[in-house]
Amino acid sequence: MKVLLLGTAAGGGFPQWNCACRLCKSGATPRSQDCVAISADGKGWYLLNASPDIRSQILSTPALAAGPGPREIPILGGLLTDAELDHSLGLLMLREAAGGLPIWAPDAVLHALRDCFPMREIIDGYAGWEWLPISSGTTLGSLTVQVLPVSDKHPKYARSSTVDGPWVVAYRIEDPATGGVLVYAPCLKSWPDGFDKFVEGADLVLLDGTFYSPSEMSGATHATDGAQYAMGHIPISGEHGSLARIAASRGTTRWAYTHLNNTNPVLDATSPEHATVLASGAELPLDGTEFKL
Ligand code: MLT
Ligand code: MN
Ligand code: ZN
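None of these values were measured; they are calculated from a predicted model.

A.B. asks: Can you help me understand the site of ligand 1 in this one?
C.D. replies: With respect to spatial proximity, the complete set of residues near ligand 1 consists of Glu84, Asp86, Lys153, Met231, His233 and His259. Separating an oxygen atom of ligand 1 from a side-chain N or O atom of Asp86 is a distance of 2.7 Å. Within the contact set of ligand 1, an oxygen atom lies 3.3 Å away from a side-chain nitrogen or oxygen of His259. Starting from 270 Å² of accessible surface for ligand 1 in isolation, the protein chains cover 77%. By residue class, the composition of the shell around ligand 1 is one nonpolar, two polar and three charged.

A.B. asks: Could you clarify how one ought to interpret the coordination of the zinc ion (ligand 3) in this entry?
C.D. replies: The protein atoms that coordinate the zinc ion (ligand 3) are Cys19 (SG), Cys21 (SG), Cys24 (SG) and Asn262 (ND2), at distances spanning 2.2 to 2.8 Å. Around the zinc ion (ligand 3) sit four donor atoms; with metal-centred angles ranging over 87 to 140 degrees, the donor geometry is irregular. All donors of the zinc ion (ligand 3) come from a single chain, and their spacing in sequence reads C-x1-C-x2-C-x237-N. Taken together, the residues span a long stretch of sequence, with Cys19 in the loop between β1 (2–7) and β2 (35–39) and Asn262 in the loop between β12 (254–258) and α10 (272–279) at a distance of 243 residues.

A.B. asks: Please explain unusual backbone geometry as it appears in this structure.
C.D. replies: Negative phi values dominate among residues other than glycine, just as trans dominates among peptide bonds. Here the bond from Phe14 into Pro15 is cis, since omega is -10 degrees, no more than 30 degrees from zero. As for its placement among the helices and strands, Pro15 is situated in the loop between β1 and β2. Here Gly67 and Pro68 are connected by a cis peptide whose omega angle stands at 0 degrees. As for its position among the elements, Pro68 is in the loop between α1 (54–59) and β4 (75–79). Phi is positive for Asn49, close to 70 degrees, though the residue is something other than glycine. As for its placement among the helices and strands, Asn49 is situated in the loop between β3 (45–48) and α1. Classification of Asn49 as buried rests on a relative accessible area of 1%. For His259, which is not glycine, the phi dihedral falls at a positive 55 degrees. Assessed through its relative accessible area of 4%, His259 is described here as buried.

Rules and cut-offs
Residues numbered from 1 in each chain as written. Chains lettered and ligands numbered in written order. Predicted model: local features only at pLDDT ≥ 70, side-chain atom pairs only at ≥ 80, totals over all residues. Heavy atoms only, no water. Near = heavy atom within 4 Å. Polar contact = N/O pair within 3.5 Å; in protein donor to acceptor, adjacent residues only side chain to side chain. Areas by Shrake-Rupley, 256 points an atom, 1.4 Å probe, with all protein chains shown as cover. Nonpolar A, V, L, I, M, F, W, Y, C, P; charged D, E, K, R; others polar. Donors = N, O, S within 2.8 Å, 3.2 Å for Na, K, Ca; no water. Tetrahedral: all angles 85-135°; square planar, octahedral: opposite > 155°, others 65-115°. Helix = DSSP H or I, 4+ residues; strand = E, 2+ residues; numbered from the N terminus. Buried < 20%, exposed > 50% of the residue type's maximum accessible area, 1.4 Å probe, protein only.

See below:
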């Protein structure tokens, strides 16, 4: 299985257009918004989330180039982990796909994209897209998918919805031909129940790296720690952070952080925080990184 990191930043990307903080002005390597492409054969690809940057992400990725037929594309469908705009707005940019695409997502996400923000109706006006509830055992060609419910964090535009969750999930994708296993978990409110088992034997875990510390939003934007917590992202550092959990689980699994927020000091490759993550055995891959599992 091939895994291409198309984007590795949180909503807004890095640098963020409306931000003049030290990091955004630092000249550190830019990152586009979180999005991944996976393929068993290197020919047909499935997207994991659809970022608002999808157009430039596709155009800068030779494997995703259109052809050989005039309207042929190698993208065969997509999976959504949640209904956040930074993970779903890209579907609007893909509206030109001839014949539409199948999109798999949890029920609450399919509901949000129909009843809270009518993206599905808009896209369906272009072609016959398929909106499919995801469950463990779903197959993407030869790849198999398992689903772990992660949290019930609603997007802001769907804050008043009373539909049952899970609103956020993680995926475990296995390639039976190689035995390769990817876990994609870009939005973790905490270390979820069952997550250790879910990642067991994985070759690569793409993990929520939104925040380094539990209070970094307050330093950058004067948001309260409560507001950061409410965003539903476990910090990397600290006693209850993800790095401590990774360090405790020595094995052959590679751990790579994605969905980095513009407030996260690890964006600066010369920062002590960046060095701490690498020294703890985790990775901070840039956009365009490719893995073979
Ligand atoms: C998140 O990951 O918390 C969301 O994308 C934030 C947002 O875009 O409002
Ligand atoms: Mn996000
Ligand atoms: Zn900034």
